[in-house]
Structures are given as C-alpha cells and as structure tokens.
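# Working through the structure, step by step
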Number of protein chains: 2
Amino acid sequence: MSRTEISTIGEFGLIDHINKYVKIENETTKKGIGDDAAVLSMKSESDRMLVSTDLMLEGIHFDLTYFPLKHLGYKAAMANFSDIYAMNAYPTQLTVSIGISKRFAIEDVEEFYAGVLLACQRHNVDLVGGDTSSSLTGFTISMTCIGMAKEDEITYRSGAKPTDLICVSGNLGAAYMGLQLLEREKSILSQNTDPQIEVQPDFAGKEYIIGRQLKPEARRDIIDALKKEGIKPTSMIDISDEMVSDVFQICKESGVGCRIFEEKIPIDYETASMAEEFNMNLTTAALHGGDDYELLFTVPVTLHEKINNIKDVKVIGYITDKEEGKMLQTRDGGCFDLKSQAWVNVNS
Amino acid sequence: MSRTEISTIGEFGLIDHINKYVKIENETTKKGIGDDAAVLSMKSESDRMLVSTDLMLEGIHFDLTYFPLKHLGYKAAMANFSDIYAMNAYPTQLTVSIGISKRFAIEDVEEFYAGVLLACQRHNVDLVGGDTSSSLTGFTISMTCIGMAKEDEITYRSGAKPTDLICVSGNLGAAYMGLQLLEREKSILSQNTDPQIEVQPDFAGKEYIIGRQLKPEARRDIIDALKKEGIKPTSMIDISDEMVSDVFQICKESGVGCRIFEEKIPIDYETASMAEEFNMNLTTAALHGGDDYELLFTVPVTLHEKINNIKDVKVIGYITDKEEGKMLQTRDGGCFDLKSQAWVNVNS
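Please read these numbers as outputs of a predicted model, since none were measured by experiment.

## Quick notes on the sheet that holds strand β10 (residues 294-299) of chain B
Residues and elements named next belong to chain B. Taken together, the 7 strands give an open sheet; going across it, the order is β8-β10-β7-β11-β9-β12-β13, and neighbouring strands pair in mixed fashion. Strand pairing shows two members of the sheet lacking a second neighbour, β8 (235-239) and β13 (335-337), which therefore form its edges. Strand after strand, the sheet turns through a mean of 25° between neighbouring axes, direction not considered. Here strand β9 (residues 257-261) runs beside strand β12 (residues 326-329); their pairing, made up of 4 bridges, is parallel.

Dropping the structure here:
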C-alpha cells in the first residue's frame with residue numbers, strides 16, 4: 001500500500017480530504033464540518049439532546065500491534081453510540097478529534113475514518129466536526145456523540161426499584177476473552193526472533209470472540225425492540241468497563257441493592273471454551289472483563305413476559321432493598337458480596 | 001503543597017471529587033455529570049444548538065514547564081467558548097475529557113478543573129460531562145462546547161460580500177510574543193546548571209503579553225456589543241491558529257478576496273516593544289502568531305459608523321471580488337499577496 005506523508009497536505013488538507021467521504025443524513029444536522037461549530041436543530045420543543053464523550057488513548061485503551069485502524073475507528077464510534085442508546089435514545093451526530101503520531105500516513109487516517117464512517121452509516125449518525133492535531137506520542141482519539149429523544153423516553157441510572165428485574169442483552173466476557181487471545185498471539189509473535197520462521201496468529205474457531213473485541217456493535221436493535229414492546233426500562237447503563245461496576249452505578253444512583261444469579265449470566269460457547277483453554281474463571285471474566293458494549297437495564301417484574309419476547313435479552317437477577325446489599329448467588333447456592341474488581345487478576 | 005496519588009481514589013472517586021465543585025446554572029441543562037450522557041433542552045423550537053470540539057496535547061499545544069495547570073484549564077475552556085462566540089452564539093455547556101500522566105496528583109487535577117470552572121463561571125457555562133483516563137505519555141485535553149442561538153442569529157464563515165468591512169476585536173500578536181518570552185525564560189532557566197544560583201524569570205513590564213498567552217479571554221463582550229448595536233456580521237471566525245489562515249477560511253467559504261491594511265492592524269505597545277527586543281517583524285507576528293482568541297468578522301460598509309461605536313473593534317480592511325486576490329497593503333503603499341505561513345520562521 002502506498003504511504004503518503006500527512007505533511008504533504010497539512011491539517012486543513014486532511015480535513016478537506018476526509019470531508020469528501022462525509023454525508024449528512026439527519027434533518028437535525030443544519031451545518032456539519034466546515035465552520036467554527038456544527039449547527040443542530042431538534043424536531044420539537046419537547047425533545048432533549050443527549051451529549052456523551054469518550055477518550056481513547058494508545059497503550060491504555062488499544063494496542064495498534066493487533067488493532068487494525070479501521071476496526072479502531074468503528075469501535076470508538078460504537079462505544080460512543082452505546083452511551084446514547086443507554087439513555088434509551090438514538091445517536092444522531094458525532095464529532096471526532098484525533099492526535100496523530102508521526103508514523104501515521106494519510107492512508108492510516110483514511111482507514112481510521114473509514115471505520116468511523118461505516119459505524120455512522122450503519123447507525124444513521126452524521127459526522128459533524130472534530131479536530132486534528134499532530135501528537136508527539138501515541139494515537140489519541142476523542143469523540144463526542146449527540147443523541148435525541150423525547151423527554152419522557154429518556155432512561156436514567158436512577159429509576160431502579162426493588163423487585164425490578166435486571167436484564168442484559170447479548171452475552172458477557174467475549175470481548176475480554178478475545179483480548180486475552182490477541183495478547184497471547186502478540187506475545188508469541190514477539191518471541192519469534194528468527195526471520196526465517198513465519199509465525200501466523202491462530203484464530204481458527206475463535207472468530208466470534210475476536211470480533212467482539214475488534215468490532216463490537218452498539219445495541220440499537222435492543223432499543224428498537226424495547227420500544228416495539230412498549231417497554232421503558234426503569235434504569236439503564238451500557239456495559240463498557242466491567243459489568244459489576246455498571247450494576248453498582250445503577251444501585252448507587254437508584255439507592256437500591258441487587259441479587260445476580262451466576263447461572264443466569266449469558267455466556268457464549270467460544271468464551272467458555274477460551275476461558276477453559278486459558279484456565280480462567282469464566283464467571284469472573286463475564287462479571288469483570290468489560291468492553292462488552294451490551295445494555296444492562298431494569299424493568300418492573302410485571303413485564304417479565306414481555307421481556308421474554310425480546311430476542312437476545314436475558315434476566316440475570318433482580319433489584320433489592322439497599323440494605324440487602326449487592327449479592328451474587330452462585331450455581332451451588334452460595335451467596336457472596338459482589339465486588340468491583342477490575343484490578344483483580346482474573347486468572348483463577 | 002501536599003500531593004495525593006490519584007490511585008488512592010480511582011477514576012470514579014476522582015469524578016465524584018471534581019463533581020463536588022460543579023454547579024449547574026443554565027435552565028437548558030436537564031442532567032449534568034453522572035449518567036451515560038448529559039441531557040439538554042432548548043428554550044424554543046426555533047433555537048439551534050452549536051457543537052464545537054478541541055483537542056490539546058502536551059508538547060504540541062502547551063508546555064507544562066511554564067504553563068500553570070489552572071491557567072491551562074482556563075485557556076482550554078476559553079478556546080472552546082471562543083468557537084461558539086464565533087458563530088454569534090453563546091456557550092452553555094462544556095464536556096471535559098483528560099488523559100492524566102502518572103506524575104499527576106489529585107491536587108494537579110484539582111488545579112486544572114479550578115481553571116476550567118472559573119472560565120465556566122465567568123461565561124455562564126455548565127460543566128456537564130467528560131471522561132478521565134490515565135495516559136502513558138503526556139497530558140491530554142479534549143473539550144466539547146455546546147452553545148445556543150436563534151436560527152436567524154447564527155453567523156457562518158460563508159456570508160462575506162465584496163465591499164464588506166473586515167473587523168477585528170482587541171489586538172493581535174500579543175499571545176505570540178508572550179510565548180516567545182516564556183520560551184526564552186525557559187531556555188535561560190534550563191541553561192543554569194549551578195543549583196547555587198537562583199535564576200528568576202524576568203517578566204517585569206511584560207505582564208500583558210504573558211497574560212494573553214496564559215489566560216486569554218473569549219470575547220463574549222463583543223457578541224454582546226454587536227447585539228446591542230443591532231449588528232449581525234455577514235461572516236465571523238475566531239483567531240486561533242493564525243489570523244491570515246482565518247481570513248483565508250472566510251474568503252474560501254464566502255468565495256471572495258480581501259484587502260488588509262498593515263497600518264490598521266491593532267497591536268499593543270508591549271507586543272511592539274517585545275518584538276523590537278527580539279528583533280522580530282511585528283506585522284508578521286500579528287498576522288501569523290496565533291492564539292489571540294479575538295473575533296474577526298465582516299459587516300456591510302453601511303455599518304461603518306455603528307462599528308466605530310463598539311469599543312475595542314477596529315476595521316482592518318475590506319472584502320473584494322475573488323479575482324482581486326487576498327492582498328496586504330503595506331505602510332509604504334506596497335501591495336503583496338497574503339500568504340498563510342504558520343510554518344515560516346517569524347524572525348525577520
């Protein structure tokens with residue numbers, strides 16, 4: 001692939017270059033890239049605008065050794081959309097700022113934006129602005145996502161009530177196990193110092209968990225399904241860091257406790273098989289792995305049947321009085337305090 | 001000053017800690033920090049929301065050797081407000097994301113936010129969200145500012161017409177000369193390797209230009225004054241990078257040319273005296289220095305008298321047909337093509 005130095009076109013040239021690929025699809029976008037600020041409207045006075053922002057730094061949030069730039073752009077955008085869906089709203093606009101290290105060529109930036117724009121296209125979001133800068137160190141990504149919703153449809157973290165069901169979309173721990181696999185293959189490749197031996201990473205039969213790490217999909221479909229069933233969750237959050245700390249946020253903001261059933265936690269077959277291969281505790285990976293971008297929400301217990309109608313949503317527990325604590329009931333009937341432990345080594 | 005490791009309270013603890021200082025002042029802020037997204041409203045259906053974003057990276061945009069963190073927070077916020085004023089609108093909400101290097105203590109982050117919150121307070125802006133992350137490398141700042149305006153009041157870069165007057169607020173080149181002075185003193189300090197000799201930077205009589213670099217003020221007062229006089233500029237931009245490239249943006253978006261008069265460019269006495277001391281070309285510093293955060297705008301020539309009523313605004317030239325080019329008329333009557341030359345050494 002040919003590589004063109006960014007200095008040949010400069011920052012303004014780069015913006016013009018990327019802008020050629022940008023299409024505006026939303027009627028609420030009155031002015032996109034090209035002025036001091038983007039200009040947005042709302043459809044009606046009772047609408048609300050949602051604003052969420054995420055910072056992703058090389059070496060902290062991603063490793064370019066195995067993270068293709070197109071996937072990275074896609075994932076960063078999805079992480080932002082996910083925050084808006086978690087408010088029971090739809091993302092409509094996105095700004096993307098990047099700090100570009102010297103080793104980047106125009107083609108790299110194009111790859112990154114190709115991923116961003118693919119994500120935007122799939123979720124009907126307009127890229128309306130951003131900032132580009134050179135970076136003395138690693139690749140820096142900052143995105144801000146705007147979303148819209150009717151005031152009475154917005155779901156906060158604070159509305160969960162005792163007896164509410166705790167629901168989760170998709171399955172958990174897959175992205176984390178994908179990351180473990182990518183890290184292992186990176187380590188094997190780096191140990192091979194003999195250029196005569198070509199080592200290829202072995203991902204056969206592991207495509208699902210790799211995909212969950214490299215190209216997660218924000219759950220617009222779940223928001224659609226909830227609306228179709230006429231369900232407004234009492235609280236909602238997206239699972240980005242670790243599931244336990246996300247449940248804790250809901251408990252904290254709602255002033256409640258919770259009981260999660262280990263046996264109800266949805267886990268994919270590939271995740272389980274990979275955990276076995278790595279000799280890791282599967283539940284720990286699901287509870288603390290993070291990067292799932294699934295939705296965790298609560299609904300009144302009376303909606304149990306309606307929730308069962310929604311494909312890919314599972315009830316994993318229920319909300320309790322605050323005094324009952326935040327508990328995990330294990331498969332063997334034991335009951336333990338849930339602990340946020342992103343820092344604990346998940347090797348069992 | 002005592003220094004407390006950030007690891008003692010963690011990311012969530014840090015957010016809670018900062019949040020204690022945050023006050024919500026705008027009725028359009030329905031929900032600030034504390035959920036997946038902030039929730040905003042508009043006062044009426046005909047309102048528009050403005051969104052602008054800026055990325056600032058250590059070593060590229062600022063040098064912590066001489067940039068106090070409180071000033072840095074203040075300046076970064078002002079740079080964002082300035083983009084919203086440049087649309088003839090008022091900033092209302094701000095999100096702040098930071099990547100924090102290991103050498104930062106909680107007290108450093110507090111200092112930074114003290115500057116951000118002071119800027120917010122002075123400009124009636126609510127801090128409504130953000131993200132914090134550790135950074136393997138330098139300090140990373142990304143802010144997104146939201147503003148509001150009536151649809152018919154928004155000023156774009158694209159409305160300038162031939163014969164329109166080109167106006168600029170304040171004066172130019174001061175922040176750039178302040179930067180030169182700070183860099184010189186840093187260099188002197190670093191050359192002193194004898195710990196017995198205490199070298200103090202010498203900023204006597206240079207307070208104004210240092211202040212322009214370290215704590216610029218976004219020109220809310222100019223937007224107020226324009227509204228008071230009933231003037232809606234035909235185009236507007238804020239001077240952040242270099243004045244010439246900002247004029248070029250207006251010419252490009254409006255499809256026009258321009259003629260700037262060297263003798264009309266407003267320059268402060270301290271700027272001129274510092275340029276002389278450094279043996280630098282003063283006009284070059286004013287045209288290409290950047291970091292001024294002044295407003296540059298165009299108005300119909302019929303408003304000449306009204307513009308003269310506004311304190312601290314000067315007419316520096318006029319808009320021409322595109323074919324007449326982008327010209328600088330020098331003091332001695334010569335006429336030259338204006339060139340964007342941020343990369344040219346301003347030492348004459």
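## A look at the pattern of salt bridges
What the rule picks out here adds up to 36 salt bridges over all chains. A salt bridge links R157 of chain A to D35 of chain B, with the shortest nitrogen-to-oxygen separation between them at 3.5 Å. Of this pair, R157 of chain A sits in the loop between β6 (140-150) and β7 (165-169) while D35 of chain B sits in the loop between β1 (29-31) and β2 (38-40), placing the two residues on different chains. Like D35 of chain B, R157 of chain A is buried. In this structure, E185 of chain B engages R184 of chain B in a salt bridge whose closest nitrogen and oxygen atoms are separated by 3.3 Å. A relative accessible area of 26% means that R184 of chain B is categorised as partly exposed. One salt-bridge network, in which partners are shared between bridges, spans R212, R219, D221, E294 and D312 of chain A.

## With respect to the interface of chain A and chain B
With 59 residues of chain A at the contact, the number on the chain B side is 59 residues. Interface area, chain A with chain B, both sides summed: about 4,700 Å², of which 56% is carbon and sulfur. Of all residues in chain A, the largest losses of buried area upon contact with chain B belong to D36, V51 and L55 of chain A, amounting jointly to 14% of the total for that side. Where chain A meets chain B, there are 6 salt bridges. Applying the counting criterion to the chain A and chain B interface returns 16 residue pairs in polar contact (both at pLDDT 80 or more). Grouping the constituent residues of the side of chain A that touches chain B by class yields 22 nonpolar, 20 polar and 17 charged. Both strand β2 (residues 38-40) of chain A and strand β3 (residues 47-57) of chain B contribute to a ladder of 3 bridges, which runs antiparallel.

Parameters and conventions
- Residues numbered from 1 in each chain as written.
- Chains lettered and ligands numbered in written order.
- Predicted model: local features only at pLDDT ≥ 70, side-chain atom pairs only at ≥ 80, totals over all residues.
- Heavy atoms only, no water.
- Pairing = 2+ DSSP bridges.
- Helix = DSSP H or I, 4+ residues; strand = E, 2+ residues; numbered from the N terminus.
- Axes fitted to C-alpha atoms, helices over the stretch in contact; angles between N-to-C directions.
- Salt bridge = Lys/Arg side-chain N within 4 Å of Asp/Glu carboxyl O.
- Buried < 20%, exposed > 50% of the residue type's maximum accessible area, 1.4 Å probe, protein only.
- Contact = heavy atoms within 4.5 Å.
- Buried area = accessible area lost by both parts, 1.4 Å probe.
- Polar contact = N/O pair within 3.5 Å; in protein donor to acceptor, adjacent residues only side chain to side chain.
- Nonpolar A, V, L, I, M, F, W, Y, C, P; charged D, E, K, R; others polar.

Any functional reading would require information that these geometric values do not contain.
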